Amino acid sequence: LMHRKPYGRTAPLISPIMWCNIVVQAIFQLTVLGYMYFVLFKGDHGKHANTFVFNTFVFMQLFNEINARRPDALNVFDGFWKNRYFVSVLMVTVAFQVLLVESVVGTVAGTTGLRPAEWLASVGVSALALPVGASGKLAWWHVFSREDKS
């Protein structure tokens with residue numbers, strides 16, 4: 001049933017590898033979203049630009065959720081479809097995001113529709129969270145495997 005031993009009562013809630021993932025994703029997201037907001041859309045902070053940045057942010061969170069499933073494993077998709085609750089939450093979140101951006105609900109939230117190419121760009125840039133997360137894990141393992149050998 002369980003693939004690993006349970007952590008002890010005094011073990012920290014957030015492990016060192018989790019902290020690494022948090023820092024790596026924070027740097028990635030702040031860099032990308034900051035670039036979009038201040039460089040790509042400089043001076044244009046209307047509804048459309050804000051919707052694009054917001055949509056990218058939401059999808060970055062979704063891909064980060066996938067990364068966070070397995071903080072100590074490189075293959076975050078291993079057993080992905082076995083957890084129906086997790087997949088359901090992701091699907092519902094995607095559906096609500098599409099509704100928020102593309103339907104009348106968006107007028108209440110202050111969003112506007114995006115063109116297909118903008119959706120592709122937004123989700124594509126957000127998907128970079130997966131290799132960025134993998135790179136962070138590899139860097140973490142590289143640094144700490146060296147410490148163990150010395």
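Just so you know, these numbers come straight off a predicted model, no measurement behind them.

*Asks:* Can you break down the overall build of the protein residue by residue, with the values?
*Replies:* When helices and strands are tallied, the protein shows six helices and zero strands. Along the protein, from the amino end to the carboxyl end, the secondary structure elements read α-α-α-α-α-α. Along the three orthogonal principal directions, the C-alpha set of the protein runs to about 55 × 35 × 30 Å. Evaluated residue by residue, the protein yields a buried proportion of 30% over its 150 residues. For the protein, the share of sequence-separated contacts (at least 6 apart) that also reach a separation of at least 24 residues comes to 67%. A total of about 10200 Å² of accessible surface is found on the protein, and carbon and sulfur atoms cover 69% of it.

*Asks:* Give me the layout of surface pockets: which residues, what numbers.
*Replies:* Its volume calculated, the largest pocket comes out at about 480 Å³. Contributing to the lining of the largest pocket are eleven residues, with His3, Arg4, Arg69, Arg70 and Asp78 lying nearest its centre. When grouped by side-chain class, the residues that make up the lining of the largest pocket number two nonpolar, three polar and six charged. Each pocket or cavity is described by its volume, and for the second largest pocket that value is around 160 Å³. Every residue along the wall of the second largest pocket is listed here: Met18, Asn21, Ile22, Gln25, Asn64, Glu65, Asn67, Ala68, Pro71, Gly133 and Lys137. Taken together, the elements giving at least two residues each to the lining of the second largest pocket come down to α1 (16–40), α2 (47–69) and α6 (129–149). Of the residues belonging to the lining of the second largest pocket, the class tally is four nonpolar, five polar and two charged.

*Asks:* I'd like a description of a nonpolar patch on the surface, backed by residues and values.
*Replies:* A surface patch of nonpolar side chains, about 440 Å² in accessible area, is lined by Leu13, Ile14, Trp19 and Ile22. Mapped onto the fold, isoleucine 22 is located in helix α1. With a relative accessible area of 41%, isoleucine 22 lands in the partly exposed category.

*Asks:* Talk me through the confidence of the model for the protein; I want residue IDs and the actual numbers.
*Replies:* Predicted confidence across the protein gives a mean pLDDT of 90, with 95% of residues reaching 70 or more. The secondary structure element of the protein with the lowest average pLDDT is α6, at 82, and the one with the highest is helix α5 (residues 116–127), at 98.

*Asks:* Give me the lowdown on the side chain of serine 122, citing residues and values where you can.
*Replies:* Counting through the fold element by element, serine 122 comes out in helix α5. For serine 122, a relative accessible area of 0% translates into the label buried. Setting aside anything within four residues of it in sequence, one finds serine 122 in contact with Phe52, Asn55 and Thr56.

*Asks:* Account for the packing of aromatic side chains, with residues named and values stated.
*Replies:* Applying the stated criterion across every chain yields a total of six aromatic pairs. Ring plane angle 90 degrees and centroid distance 5.1 Å describe the contact between tyrosine 37 and phenylalanine 38, whose orientation is recorded as edge-to-face. The class for tyrosine 37 is partly exposed, based on a relative accessible area of 29%. A relative accessible area of 61% means that phenylalanine 38 is categorised as exposed. Above the plane of the ring of phenylalanine 86 lies arginine 69, whose end atom (NZ or CZ) is 5.7 Å from the centre.

Conventions and cut-offs
Residues numbered from 1 in each chain as written. Predicted model: local features only at pLDDT ≥ 70, side-chain atom pairs only at ≥ 80, totals over all residues. Heavy atoms only, no water. Helix = DSSP H or I, 4+ residues; strand = E, 2+ residues; numbered from the N terminus. Buried < 20%, exposed > 50% of the residue type's maximum accessible area, 1.4 Å probe, protein only. Contact = heavy atoms within 4.5 Å. Areas by Shrake-Rupley, 256 points an atom, 1.4 Å probe, with all protein chains shown as cover. 1 Å grid on protein atoms, 1.4 Å probe; cavity = no way out; pocket = protein on both sides within 12 Å on 5 of 7 lines; lining within 4 Å. Points joined across faces, edges and corners; volume = space filled by probe spheres on them. Nonpolar A, V, L, I, M, F, W, Y, C, P; charged D, E, K, R; others polar. Patch = residues over 30% accessible without salt bridge, like charges linked within 9 Å, V, L, I, M, F, W, Y side chains within 5 Å. Salt bridge = Lys/Arg side-chain N within 4 Å of Asp/Glu carboxyl O. pLDDT = per-residue confidence, 0-100. Phe/Tyr/Trp six-rings, centres within 6.5 Å; stacked < 30°, edge-to-face > 60°. Lys NZ or Arg CZ within 6 Å of the ring centre and 35° of its normal.

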